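# What the coordinates show
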Amino acid sequence: MRTVLVVAGSDSGGGAGIQADLVCLRDHGVHGATAITAVTAQHTRGVVRVDALEPDVVVAQIDAVLDDLEVAAVKVGMLATAPIARAVHGALRRRARGVPWVVDPVMVSTSGHRLLDEEAIMAVRALVDDADWCTPNLPEAAVLAGASQVEVEAWARRVPGNVVVTGGDADGADVVDRWFGAGGASRAWVHPRIAGGPFHGTGCTFASALAARLACGEAPEDAVAAAIDYVRRRLSASVAVGTGARIGGRLGGATV
């Protein structure tokens, strides 16, 4: 069984973060190991409180996993603070150079709660430049680019690794997800928007699905397409567990 290490925050509502990551990895038939960066008090309507762990506690979790488990990919989600982002970056450079890193630059919650300050954004930019993959939504890509959403494509083509800009936050009847490959390749996937939103945890789930596919050896373009398909199937079966955003529904059987 392949193992994916997830470095991310905990969501007490169970719809995003570490909780959503582990559901996704289980669906893909891979083992999920974790390094928790922050504990959030949140539900389907929003984030109530965020308590970040000390950077050395986060690194200790990463080191413990890598001391024993053979990790085939790393997924990085919510980093909460600049010191945590820098510490995680350093730990991955020391311990996980030979496997793909998939960075989901979590900056704003579904409810609009800002999750990173400016110093932390700069630290995440440095991590993204060193990573194999980055999976921002349009608002996050604009923040990373330091530009408007119109200029996101130029930024994505400059990033050394692969970038997938997910389009669910844009307006319109269709959702356009764009992949900009590390070697200059690119592709767009256009799908009808799934009714019933807003949805919670889609960014976490997509990045984890991509990490699982890469851990299992899929080619980049195939892995992106399969991860998009997985998220769409989850959203098509979405459920309301609270009074706010819906979460992805359960799928039967493994997807890989």
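In what follows, the accompanying structure is described.

Calculation rules
In this convention, every chain numbers its residues from 1, walking through the sequence in written order. For a predicted model such as this one, the threshold for reporting local features is a pLDDT of at least 70, and the threshold for listing and counting side-chain atom pairs is 80 or more; totals across whole chains, interfaces and linings nevertheless cover every residue. Excluded from the side-chain calculation are hydrogens and water; included are all heavy atoms of the structure. Helix axes are fitted only over the stretch in contact, all axes being lines through C-alpha atoms; the angle between N-to-C directions runs from 0 to 180 degrees. Secondary structure elements follow DSSP: runs of H or I of four or more residues count as helices, runs of E of two or more count as strands, with numbering from the N terminus. Roughly parallel refers to an angle under 35 degrees, roughly antiparallel to one over 145, roughly perpendicular to one between 65 and 115, and oblique to any angle outside these ranges. Helix crossings get a hand from a simple test, with the near helix turned counterclockwise from the far one by less than a right angle marking a left-handed crossing and a clockwise turn marking a right-handed one. Whether two residues are in contact is decided by their heavy atoms, any of which lying within 4.5 Å being enough. For this classification, the nonpolar set comprises Ala, Val, Leu, Ile, Met, Phe, Trp, Tyr, Cys and Pro, the charged set comprises Asp, Glu, Lys and Arg, and every other residue, Gly included, is treated as polar. Think of a nonpolar core as a cluster: buried Ala, Val, Leu, Ile, Met, Phe, Trp, Tyr and Cys residues, connected wherever their side-chain atoms sit within 4.5 Å. Summary of the burial criterion: residues with accessible area below 20% of their type's maximum are buried, those above 50% are exposed, and those between are partly exposed, where the area comes from a 1.4 Å probe applied to protein chains only.

## Quick word on the packing of helix α7 (residues 202-215) against helix α8 (residues 220-236)
- For the pair α7 and α8, the least separation of the axes is 8 Å and the interaxial angle reads 140°. For the element pair α7 / α8, the angle class is oblique. Judged by the sense of rotation from one axis to the other, the crossing of α7 with α8 is right-handed. In this structure, α7 uses T202, T205, F206, A209, L210, R213 and L214 to contact α8, whose residues at the interface are A223, V224, A226, A227, I228, Y230, V231, R234 and L235.
- Across the contact of α7 with α8, the residue classes break down as 12 nonpolar, two polar and two charged.

## A closer look at the nonpolar core
- The biggest cluster of nonpolar side chains holds 51 residues, and the ones touching the most others in it are L5, V7, I62, V74, L79 and W155.
- It is helix α3 (residues 82-95) that provides the largest number of residues to this core, a total of seven residues.
- In this view, V74 contacts L5, V7, L92, A96, V99, P100, W101 and V102; residues no more than four positions away in its chain are not counted.
- Counting residues in hydrophobic clusters, the runner-up holds 32 residues, among them V102, I194, I228 and L251.

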